Amino acid sequence: MTILIDSSDGVRVGLHDLGGNGPPLLLLHATGFHGRCYRAIADHLGDHFHIWAPDLRGHGDSVIPADTDLGWASMANDVLAVSKYLGVDSWAVAGHSMGGAVAAKTAYLYPQLIATAWVFEPVIFPVNTANRGNSLAESARLRRHHFDSFEEAIERYASAAPFAQVSRNVISDYVTHGFVETDTGVTLKTPGETEARVFEGVDLELFEQIRSVSVPFTIANSLDGSPPSQIAELVAEQLPNTRRIIWPDNTHLGPFEDPARAASEILEAVG
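Each residue is numbered by its place in its chain's sequence as written, counting from 1. Side-chain atom pairs in this predicted model are given and counted only at pLDDT of 80 or more, local residue features only at pLDDT of at least 70, and totals for whole chains, interfaces and linings cover all residues. Side-chain numbers here rest on the full set of heavy atoms in the structure, without hydrogens or water.

(A) Spatial organisation of empty space enclosed by the protein. Using a 1 Å grid laid over the protein atoms alone, points where a 1.4 Å probe fits but cannot get out form a cavity; open sets with protein on both sides within 12 Å along at least 5 of 7 lines form a pocket; any residue with an atom within 4 Å of a point counts as lining. Grid points are joined across faces, edges and corners, and a volume is the space filled by probe spheres set on the points. This model, assessed by the stated rule, comprises two cavities of 30 Å³ or more. Looking at the largest cavity, its volume works out to about 60 Å³. Lining the largest cavity we find L27, L28, H29, Y38, I41, A94, G95, H96, W118, P255 and I266. Here a helix means four or more residues in a row that DSSP labels H or I, a strand means two or more in a row labelled E, and each is numbered from the N terminus. Every element with two or more residues in the lining of the largest cavity is listed here: strand 3 (24-28) and strand 5 (91-96). Sort the elements by how many residues they give to the lining of the largest cavity and strand 5 lands first, with three residues. Note on residue categories: nonpolar means Ala, Val, Leu, Ile, Met, Phe, Trp, Tyr, Cys or Pro, charged means Asp, Glu, Lys or Arg, and polar means any other residue, Gly included. Residue classes in the lining of the largest cavity are distributed as eight nonpolar, three polar and no charged. For the second largest cavity, the calculated volume is near 40 Å³. As for the second largest cavity, its lining consists of G32, F33, H34, G60, Y174, G178, L188, K189 and T190. For the lining of the second largest cavity, the residue count by class is three nonpolar, five polar and one charged.

So this is what it looks like as structure tokens:
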């Protein structure tokens, strides 16, 4: 089930009910992805949580006016809007990349909303690494946005980096719910230009702000050498109440490569 919820700035956030029984768990997606990419993780957690996954502004089924602010603070407002709609006062959260940064920004702005969080390589850059966001933006603008069919898109992603290690089920969910049919094939719902704007708008205040976040965080990171993996240790040192887990055999897409491990760690960290 997908619901559109009014947020700030005229944004409507797409919210997906991924099912399950138990206390609420919020899954916050990475840049360029969407909430339903995490169904494979949710499937392992349904006996423990009722799982909700929003499409944050600019992504998936969200609806945004032109030139909408796509910063972490605005996305924290999306989390607030979802919380008000569902009547949830405090969340257990799992966040991936951008989603991890949004979890931290939400914990800073609205500390009562986040009870505990597991995050994988949150993109919280120190000021002296600000150019990392620009390099990611350049890659986003080069992303192929159109294929002749869903099947062609799935095969293309499954056969090449960075998706080569990603679970086939995740790739199918990413394409099926992240592309829309057109007269000439299928096109990404999240344009490369929008994804690039998100990277270029990385919140450089957050690295210092998280010093005051007392919410318990678990930070997981790969050793793939990507910018998010390189800064994970620095982020863990900034957050006062944090433990860190290493995924030595995975990449920045680790939660998609091993959904079962991600689910197990989420349960241990926030359950």
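Having seen it, we continue.
(B) View of the packing of helix 2 (residues 72-86) against helix 3 (residues 98-109). To obtain each axis, a line is fitted to C-alpha atoms, and for helices this fit is confined to the stretch in contact; angles are then taken between N-to-C directions over 0 to 180 degrees. One way to put it is that helix 2 packs onto helix 3 with a least axis distance of 8 Å and a crossing angle of 80°. Judged on the interaxial angle alone, helix 3 and helix 2 are roughly perpendicular. Across the interface between the two elements, W72, A73, M75, A76 and V79 from helix 2 touch M98, A101, V102, K105, T106 and L109 from helix 3. By residue class, the composition of the contact of helix 2 with helix 3 is nine nonpolar, one polar and one charged. Any angle that is under 35 degrees is reported as roughly parallel, and any over 145 degrees as roughly antiparallel; angles of 65 to 115 degrees are reported as roughly perpendicular and all others as oblique. Note on definitions: a residue-residue contact is assigned when non-hydrogen atoms from the two residues lie within 4.5 Å.

(C) Region of the structure containing the layout of surface pockets. Estimated volume of the largest pocket: approximately 410 Å³. The wall of the largest pocket is formed by 21 residues, among which F33, R143, F199, H252 and L253 lie closest to the centre. Every element with two or more residues in the lining of the largest pocket is listed here: helix 4 (131-141) and helix 7 (192-200). In terms of residue count, the dominant contributor to the lining of the largest pocket is helix 4 (three residues). Considering only residue class, the lining of the largest pocket consists of 11 nonpolar, seven polar and three charged. Approximately 160 Å³ is the volume found for the second largest pocket. Surrounding the second largest pocket, L142, R143, R144, F147, R156, Y157, A161, P162 and F163 form its lining. Among the residues making up the lining of the second largest pocket, the classes are represented as six nonpolar, no polar and three charged.

(D) Quick look at the pairing of strand 5. Where burial is concerned, most of strand 5 is hidden: six out of the six residues are buried. The side-chain alternation of strand 5 yields two buried faces, one formed by W91, V93 and G95 and the other by A92, A94 and H96. Pairing analysis gives six bridges linking strand 5 to strand 6 (residues 114-120), with the strands arranged parallel. Considered in strand 6, the bridge of H96 is made with F120. Note on classification: 1.4 Å probe, protein chains only; a residue is buried when its accessible area is under 20% of the maximum for its type, exposed when over 50%, partly exposed between these limits. At least two bridges found by DSSP between two strands is the condition for calling them paired.

(E) Looking closely at the sheet that holds strand 8 (residues 179-182). Here three strands make up an open sheet; going across it, the order is 7-9-8 and the pairing antiparallel. Each edge of the open sheet is held by one strand with a lone partner, namely strand 7 (146-147) and strand 8. Where strand 7 meets strand 9 (residues 185-188), two bridges bridge the pair, whose relative direction is antiparallel. By the bridge assignment for strand 9, F147 is matched with V186. Across the face of the sheet, helix 6 (residues 168-178) comes into contact with strand 8 and strand 9 while running at roughly 50° to strand 8.

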